[in-house]
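Given next are the chains, with one letter for each unit.
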Amino acid sequence: MLGSTVLFGLMAVTIRLASQSLHTFEVAFFRNFFGLIAALPLLLRHGPGLLATAHLPRYLVRCLVGICSMLCGFWAIGHLPLAQAVSLSYSTPLFVTIAAVLMLGEQVRARRWAAVVLGFVGVLVIVRPGSASFSTGSLVALAAAVLSGLVSILIKQLSRTEPADRIVLWTTLLWVPMSLVPALFVWQWPQGITWLWAISAGLLGTGGHMLWTRALKLGDVSALTPISFMQLPLVALFGWLLFDESLDRWTALGAGIIFAANAYIAHREATLARRAGTHAPVEAAKPGE
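Parameters and conventions
Here, residues in each chain are numbered from 1, in the same order as that chain's written sequence. The model is predicted, so local features are restricted to residues of pLDDT at least 70 and side-chain atom pairs to those at 80 or more, both for listing and for counting; the totals for chains, interfaces and linings are taken over all residues. Think of the side-chain values as coming from all heavy atoms in the structure, minus any hydrogens and water. A carboxyl oxygen of Asp or Glu within 4 Å of a side-chain nitrogen of Lys or Arg is what we treat as a salt bridge. A run of H or I in DSSP counts as a helix once it spans at least four residues, and a run of E counts as a strand once it spans at least two, with each numbered from the N terminus. Exposed residues in this analysis have more than 50% of their type's maximum accessible area, buried residues have under 20%, and partly exposed residues fall in between, with area computed by a 1.4 Å probe over protein chains only. By convention a nonpolar core is built from buried Ala, Val, Leu, Ile, Met, Phe, Trp, Tyr and Cys residues, the set being connected through side-chain atoms within 4.5 Å. Contacts are assigned to residue pairs that have any heavy atoms within 4.5 Å of one another.

> Which residues make up the pattern of salt bridges, and what values do they have?
On inspection of all chains with the given rule, the structure shows three salt bridges. Salt-bridge contacts for Arg16 lead to Glu245; the nearest nitrogen and oxygen are separated by 2.7 Å. With a gap of 229 residues between them, Arg16 in helix 1 (residues 2–19) and Glu245 in the loop between helix 11 (231–243) and helix 12 (249–278) connect regions that are remote in the sequence. Taken individually, Arg16 and Glu245 each receive the classification buried, so the pair is uniform in this respect. Two residues, Arg128 and Asp248, come together in a salt bridge whose shortest N-O distance is 3.6 Å. Note that Arg128 is positioned in the loop between helix 6 (110–127) and helix 7 (136–158) and Asp248 in the loop between helix 11 and helix 12, a separation of 120 residues in sequence. Take Arg128: its relative accessible area is 22%, and that puts it in the partly exposed class.

> Explain unusual backbone geometry to me, and be specific about the residues and the numbers.
Its identity as a non-glycine residue notwithstanding, Asp244 has a phi of 55°, on the positive side. Relative to the assigned elements, Asp244 resides in the loop between helix 11 and helix 12.

> Run through the nonpolar core, naming residues and quoting values.
Ile15, Leu82 and Leu88 are the most contacted members of the largest nonpolar core, which totals 51 residues. Top element by residues in this core is helix 3 (residues 56–79). It accounts for eight residues. With residues up to four places along the chain from it excluded, the contact list for Leu82 reads Ala12, Val13, Arg16, Ile77, Val235, Gly239, Phe243 and Glu245.

Right under this line is the structure:
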């Protein structure tokens, strides 16, 4: 998870660097194009049969929502201070909790709702509506978080019948043409070192996603969530070194509140999952076992 966090943080930095000379829509396309190249070994490993699916319409919906989230998120990284854009992205689990109730019928009790409310207090601390620092860019970053939360639910629904590698490969395959369409309206070829930033964004993003998936398979979400928060000081450091950005105290305070809410939600989900496993009926052993 720490490796995944570092790669995602560095991806945000390369997105900002590429956005200095390219429109963020183009940066999103190159991230997906080179990300697809990085994901192709999955196809070589499993063979063409990995693409066989009866749920292509669901993939299309999942990828359409996902590309809208990506475009909003990349725009926020390109136009907001890095630390603020990343901090607002941490509100995604709050929207996942709400979407799980509305779309999956999951039960969320008072303590988790209290954590969600606390998380939104953290969002308000960062955004500070009505203050001089409030900007529409903050709303774009929040839109990315809302859509990302919806994507998480759609992936959860797909994962009930689809293997993880198939989801990763179909997602990257569909994201390339979907992100190309808006990029064509603002197209200009990268020049010089911008190619390096564009390619790096794709490789870092795919690498981070693969490590993240592996981490969730090996460890508890409640233990891994605090590690992912290390992305904030990483991007804050690069924001200061490369872009002369300082970590605003309100951003730091709001991010800490959101982190506390997310950590509690992850802890409660892990506790309930272990409790459900403990109380699950034990299947009687068959003769000879």
